[in-house]
Amino acid sequence: MASFDYNGKTIETDDEGYLQNLVDWDKGLAEVLAEQEGVELTDKHWKLIEWIRDYFQKYQVAPAIKSLAREVMKLENLPDKKEANRFVYELFPEGPAKQLAKIAGLPKPTGCV
Amino acid sequence: MAKPKEKYKVPVLDGKIPIPKIVPGAFAYEHMIGAQEEDMRALGFPAKLQDGWKEKAIGVFKEILDHNKAVRDYMDICVRCGACTDKCQFFLGTADPNNMPVQRQELMRKVYRYYFTPSGFFKTLSNSQELTEEVLKDWYTYYYQCSECRRCSLFCPYGIDTAEITMAARHIMDSIGLGHKYATEVIHKVYKTGNNIGIPPLALRRTLDDLEEEMNEESGKDVKIPMDVEGAEVLLVPPSADFFAMPHMESLKGYAKVFHKAGISYTVSSYASEAGNFGMFLGSYKNAKEINKRIWDDARRLKVKRVIMGECGHAWRAAYNYSNTMNGPFDFLDSKYKQPTHICDFTLGLVKDGVIKLDPSANDDKVVTFHDSCMIARSSRIGDFAGGQFVIPRELIKAAANKFVELRVGTTKEKTFCCGGGGSLLAEEVMNVRIAGAMPRMQTIKEAVDNHGVNFCACICAICKTQFTKMFPIYGFDAEMVGGIHQLVSNAILM
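Caption draft 1: The arrangement of the overall build of chain B in detail. Helix and strand counts for chain B come out as 21 helices and seven strands. Computed over its C-alpha atoms, the radius of gyration of chain B comes to 23 Å, within 12% of the 23 Å expected for a compact globule of 495 residues. For chain B, the spread of C-alpha atoms along the three principal axes comes to 75 × 55 × 50 Å. With 495 residues in all, chain B has 56% of them scored as buried. The contacts in chain B between residues at least 6 apart in sequence include a share of 79% that link residues at least 24 apart.

As structure tokens, this is what we get:
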């Protein structure tokens, strides 16, 4: 367990920096988490963050990588999934499962992924 | 836009796998992150280390010695011949002497001698050691730098299986409340949602819908992945990574197309949505049995005739080797079929019988090699004949692709190296252990790439696929070189 101060509040994370209490998340906190990851958030990042949070709210788990790629193809008007994956990795170099999920305030994906 | 987060120390690849000069304590700093209390409780372990842990640990140790004759023998019969020393990929990669199999065993054996042999009390004479906090720390470090791959046991003249010792040590540690987060969290998720990732039924259905749509667009055929269908002929149990990650999902498409084309009705289960069995990694019989039971309970509920396992190494070991004694016999299934059946065995049978046709030229852009997964190569069998686990995957690859190259002799089949991520080491925090452990296999990949132009490494294990997808770019190869055999089948099958 680790923690840091944000807006006068103590934010708890697990040892890998994922939020312990998902309700702590807001846009300002996402900026802080992104900075810890060395990621500078642009409009393109935000579109994915909002979509993945909606998905999580509905399904209680992060989307499968192909479902994410499908969405990115639509959002960014890309020709195929390969391009979509490349686009995601450009925004989040450590990968969507790890970095996008963390910044969006989702729990860490587990298992053989 | 964004900068890479971490830098790793990566060995240089020159194709050689030298025996390193030992560096004591070189990897003593590496540690798995400790378990969360709620996960430990869910698995039936104490939430954390408590007073009296030492007595408890020795008690559990004694139970293991009483019930597991193999472990008791392994404690006594090592003659220090040294045949195992240079056979472990984690020793070759880390140079840490505690990663020599004999030394890894010695961490437990010296405690065994102290408590369970007559001369143990005379420490110097018998080289024994009381279980102190210091020793426990070594256990926690080095029993999590073993992937339970069993390569060393192949070369041991007495057949001492370090994996059994690692499992025993992990079980003792869990039993006193000293667990690690990665596998305990995963098992807790299996109990809550049916799979390691934590995909609930609604999300699983959504994922399968997306995948069906993709297959429709690509093939023009209405390929389905049915879920929870009672009365289907086959229950298909893939590792949950096949529902979530890449390249794993490409193999799931391959399975679906095979069933579609063969006209055999099948279903996946949202209750048994995991082939993997991390209980086995922990050496916890109780948890391994509980996880395994979900598959057979749902096979019964769905009234299927047979169970087929997807591309997952240790899942196949757990299902093939242990199912029958853990939760069998499966007299409610159709006795015509092997229980369970490996997906490669199933698909190759259909190819040979002419039920499905593969066009290998569909993979002509690939020069394929095959990485034998340790759990399948050394710990189980596929098919009806000795060595089937080596022959069947290769025959299926050759039916699906024209260009196939073997990796270096002495590192394939039963002598295969571990990918470096098995046995619950697939955690982010031990990335340097994973990089070091992958080194021998990466040297042989380098050789195959340089000499034969290999550009596709086929695997039949979700862990190997994930580990390699991470390791290949770290070592300078393209991550897209990694994939499953049914990914090749998916490309080649005539729809």
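Next comes the rest of the account.
Caption draft 2: Fine view of the sheet that holds strand E6 (residues 456-459) of chain B. Residue and element names in this part refer to chain B. With parallel pairing, the three strands of this open sheet are ordered in space as E5-E6-E7. What marks the edges here is a single partner per strand, and that holds for strand E5 (368-370) and strand E7 (482-484). Each strand axis lies, on average, 40° off the axis of its neighbour in the sheet, ignoring direction. Pairing geometry for E6 and E7, over three bridges, is parallel. Its bridge partner lying in E7, Cys459 is registered against Gly484.

Caption draft 3: Representation of the interface of chain A and chain B in the model. At the interface, 23 residues of chain A touch 35 residues of chain B. Those elements that place two or more of their residues in the side of chain A that touches chain B are helix H3 (65-76) and helix H4 (81-91) of chain A. The greatest single-element share of the side of chain A that touches chain B, amounting to four residues, is contributed by H3(A).

Caption draft 4: Inspection of the nonpolar core at higher detail. All names here are of chain B. If you look at the biggest cluster of nonpolar residues, it comprises 184 residues, and the most contacted ones within it are Phe244, Met309, Ile397, Ala400, Ala458 and Leu488. Broken down by element, this core gets its largest block of residues, nine residues, from helix H19 (residues 431-452). A domain split of this core shows at least three residues from each of domain 1 (37-185) and domain 2 (194-405 + 454-492). Not counting chain neighbours up to four residues away, the residues in contact with Ala400 comprise Leu358, Pro360, Asn363, Leu488, Val489 and Ala492.

Caption draft 5: The arrangement of the pairing of strand E1 (residues 2-6) of chain A in detail. Residues and elements named next belong to chain A. Burial of E1 is sparse: only zero of the five residues sit out of reach of the surface. Sheet topology note: the E1/strand E2 (residues 9-13) ladder contains five bridges and is antiparallel. Bridge pairing links Ser3 to Glu12 in E2. Hairpin connection, E1 to E2: the antiparallel pair is bridged by two residues, and Asn7 has positive phi, about 50°.

What counts and what doesn't
What you see as residue numbers is a count from 1 along each chain, following the sequence as written. Ligands are numbered from 1 and chains lettered from A, in the order in which they are written. Where totals are concerned, whole chains, interfaces and linings use all residues; where local detail is concerned, this predicted model gives features only for residues with pLDDT of at least 70, and gives and counts side-chain atom pairs only at 80 or more. The way it works is that DSSP assigns letters per residue, a run of H or I at least four long becomes a helix, a run of E at least two long becomes a strand, and they are numbered from the N terminus. Radius of gyration: C-alpha atoms only; globule rule: 2.2 Å multiplied by the number of residues to the exponent 0.38. The exposure label follows from counting other C-beta atoms within 10 Å of a residue's C-beta, where the C-beta atoms are placed from the backbone and the thresholds are 20 or more for buried and 12 or fewer for exposed, leaving partly exposed in between. C-beta atoms are placed from the backbone for every residue, and two residues are taken to be in contact when these atoms lie within 7 Å. Whether two strands pair depends on DSSP finding at least two bridges between them. Note on method: axes are straight lines fitted to C-alpha atoms, helices fitted across the in-contact stretch only, with angles between N-to-C directions ranging 0 to 180 degrees. Take the buried Ala, Val, Leu, Ile, Met, Phe, Trp, Tyr and Cys residues, join any whose C-beta atoms are within 7 Å, and the set you get is a nonpolar core. The split into domains, and so the bounds of each, comes from an automatic or database assignment of domains.

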